Amino acid sequence: MKAGIWTNYYFDRPFEEKVKLYLQAGLRYGELSDEDGFSLLERGRGTGVGKEVKRFLDDSGFALPQGHLWLSVNMAAPDYRASVEKLREWIDLFAALGIQAAVIHPGSGRAGEEKEAVMERRVNAFSSLCRFAEGAGIRICVENMTGTSYTGVEELIALAEAVGSRAMGICLDTGHLNISKGDPYAFIAKAGNLLQAMHIADNEGEKDQHMMPYGRGTVNWEAVLKGLGEIGYQGFCSFEIPGESLGPLPVKQHKLVYIREIMKYMGMDS
């Protein structure tokens, strides 16, 4: 399993400088953040910008196996068609960057709305997006969520089966699952081959603190690793840990060196 940090860990730095700082800490992989996706698309069209940035990444020895699509997009909204159209530019960018797994939230319906109506729009939206992603060789990985937009593994499997596309997959966010009091081993076992992306984050079970593993958080990492081993997971593990991203630059760099050791302990290639 490859592992790395989501790129907005250095939220106050230009994208290319972020990459150089990761490499200085010994990290060779990352997940493109939603913030950096928007930043890159401000430079021009997805394909052209992506090819230019990919040359920089290749020359630097850094890769982006995974990326997070537009964070706040609502794939279950009545106007989902307009959102899907905008996401086509993101897919072009991701394809040019060599991103293989594109993480996205499932979206939510309006207060009091029937679940069947929300599910129908999700299926239609993801079916449309997956048709475009199939041609780009990208897997659309829908993330489990908490709260009013809760989606567990059963809902995500049902969505993937209804869409019926080879481009459809699941992303497990360990922090979200911990808040939902879910069992990571059971989630991973049920998801099986549909599990194509991971967000590694810890918390104390009440809110999304986005902390590194093996601190004061309560995620059962032994269960996570057991599950991933049993299904032979070969996707990317993105340490999505904005809770660790404050502090002076030298401190942040030292944290990354330590986090790299955590990745090694977890059997991940960074």
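Predicted, not measured: the structure shown is a model, and the values here were computed from it. (Residues numbered from 1 in each chain as written. Predicted model: local features only at pLDDT ≥ 70, side-chain atom pairs only at ≥ 80, totals over all residues. Heavy atoms only, no water.)

**Q** Can you help me understand helix α6 (residues 153–163) in this one?
**A** An α-helix turns once per 3.6 residues; consequently, residues spaced three or four apart project the same way. What α6 keeps buried is the set V153, L156, I157, L159, A160 and V163. In an axial view of α6, the angular spread of the buried residues amounts to 160 degrees, which keeps them on one side of the axis. Along its buried surface, α6 packs onto α5 (115–136), β5 (139–143), β6 (168–173) and α8 (184–191). (Buried < 20%, exposed > 50% of the residue type's maximum accessible area, 1.4 Å probe, protein only. Helix = DSSP H or I, 4+ residues; strand = E, 2+ residues; numbered from the N terminus. Arc of directions from axis to C-beta. Contact = heavy atoms within 4.5 Å.)

**Q** So what exactly am I meant to see when it comes to the layout of surface pockets here?
**A** Over the atoms, a rolling probe the size of a water molecule traces out where space has been left empty. When its volume is computed, the largest pocket comes out at roughly 400 Å³. Elements with a minimum of two residues in the lining of the largest pocket: α5 and α6. Roughly 300 Å³ of volume is contained in the second largest pocket. Lining of the second largest pocket is provided by 16 residues; of these, P65, Q100, Q234, G235 and F236 occupy positions nearest its centre. Residue classes in the lining of the second largest pocket are distributed as seven nonpolar, six polar and three charged. (1 Å grid on protein atoms, 1.4 Å probe; cavity = no way out; pocket = protein on both sides within 12 Å on 5 of 7 lines; lining within 4 Å. Points joined across faces, edges and corners; volume = space filled by probe spheres on them. Nonpolar A, V, L, I, M, F, W, Y, C, P; charged D, E, K, R; others polar.)

**Q** It is not clear to me how the nonpolar core should be interpreted in this structure. Could you clarify?
**A** A general feature of soluble globular proteins is that nonpolar side chains tend to end up buried together. Counting 76 residues, the largest nonpolar core has I5, I104, I140 and F239 as the members making the most contacts within it. Examining the composition of this core, we find that eight residues originate from one element, helix α4 (residues 80–97), more than from any other. Other than its neighbours up to four places away in sequence, I5 contacts Y22, L27, Y29, G30, E31, S238, F239, I241, L256, I259 and M263. Ranked by size, the runner-up nonpolar core spans five residues in total, among them A101, V103, C141 and A197. (Core = buried A, V, L, I, M, F, W, Y, C linked by side-chain atoms within 4.5 Å.)

**Q** Just to check I follow, could you spell out the sheet that holds strand β4 (residues 101–104) for this structure?
**A** In a beta sheet, neighbouring strands pair by backbone hydrogen bonds and run either parallel or antiparallel. If you walk around this closed barrel you meet the eight strands as β1-β2-β3-β4-β5-β6-β7-β8, and the pairing is parallel. Averaged over all pairs of adjacent strands, the angle between strand axes in this sheet comes to 30 degrees, irrespective of strand direction. Where β5 lies against β6, four bridges are found, and the strand directions are parallel. Bridging across to β6, I140 finds its partner in M168. Where α8 meets the sheet, it contacts β6 and β7 (195–200), and its direction lies at approximately 170 degrees from that of β6. (Pairing = 2+ DSSP bridges. Axes fitted to C-alpha atoms, helices over the stretch in contact; angles between N-to-C directions.)

**Q** For this particular structure, what's the right way to read the environment of C171?
**A** With respect to the helices and strands, C171 occurs in strand β6. Exposure remark for C171: the relative accessible area of 0% places this residue in the buried category. Along the primary structure C171 and N144 are separated by 27 residues, whereas in three dimensions their C-alpha atoms are 6.8 Å apart.

**Q** How do you make sense of the pairing of β7 when you look at a structure like this?
**A** Consecutive side chains of a regular strand alternate in pointing toward one face of the sheet and then the other. In terms of residue burial, β7 counts as a mostly covered element, since five of its six residues are buried. Strand direction decides the pairing type here: β6 and β7, joined by four bridges, are parallel. Residue pairing for β7: C171 is matched across the bridge by A197.

**Q** Would you mind going over the packing of aromatic side chains with me for this structure?
**A** By convention here, two paired aromatic rings are described through the distance between centres and the angle between planes. Summed over the entire model, instances satisfying the criterion amount to eight aromatic pairs. Seen in terms of ring centroids, Y214 and W221 are 6.4 Å apart; in terms of plane orientation they differ by 45 degrees. Their pairing is tilted. Where Y214 meets Y265, the ring centres are 5.5 Å apart and the plane angle is 85 degrees; that geometry is what we call edge-to-face. With Y214 in the loop between β7 and α9 (221–231) and Y265 in helix α10 (residues 249–265), the pair connects residues that are 51 residues apart, well separated along the chain. The class of Y214 is partly exposed, set by a relative accessible area of 32%. Residue class for Y265 comes out exposed when judged on its relative accessible area of 60%. Of the aromatic side chains, those joined through ring pairs into one cluster are W6, Y9, Y10, Y22 and F62. It is R88 that lies over the ring of F132; its NZ or CZ is 4.1 Å from the centre. (Phe/Tyr/Trp six-rings, centres within 6.5 Å; stacked < 30°, edge-to-face > 60°. Lys NZ or Arg CZ within 6 Å of the ring centre and 35° of its normal.)

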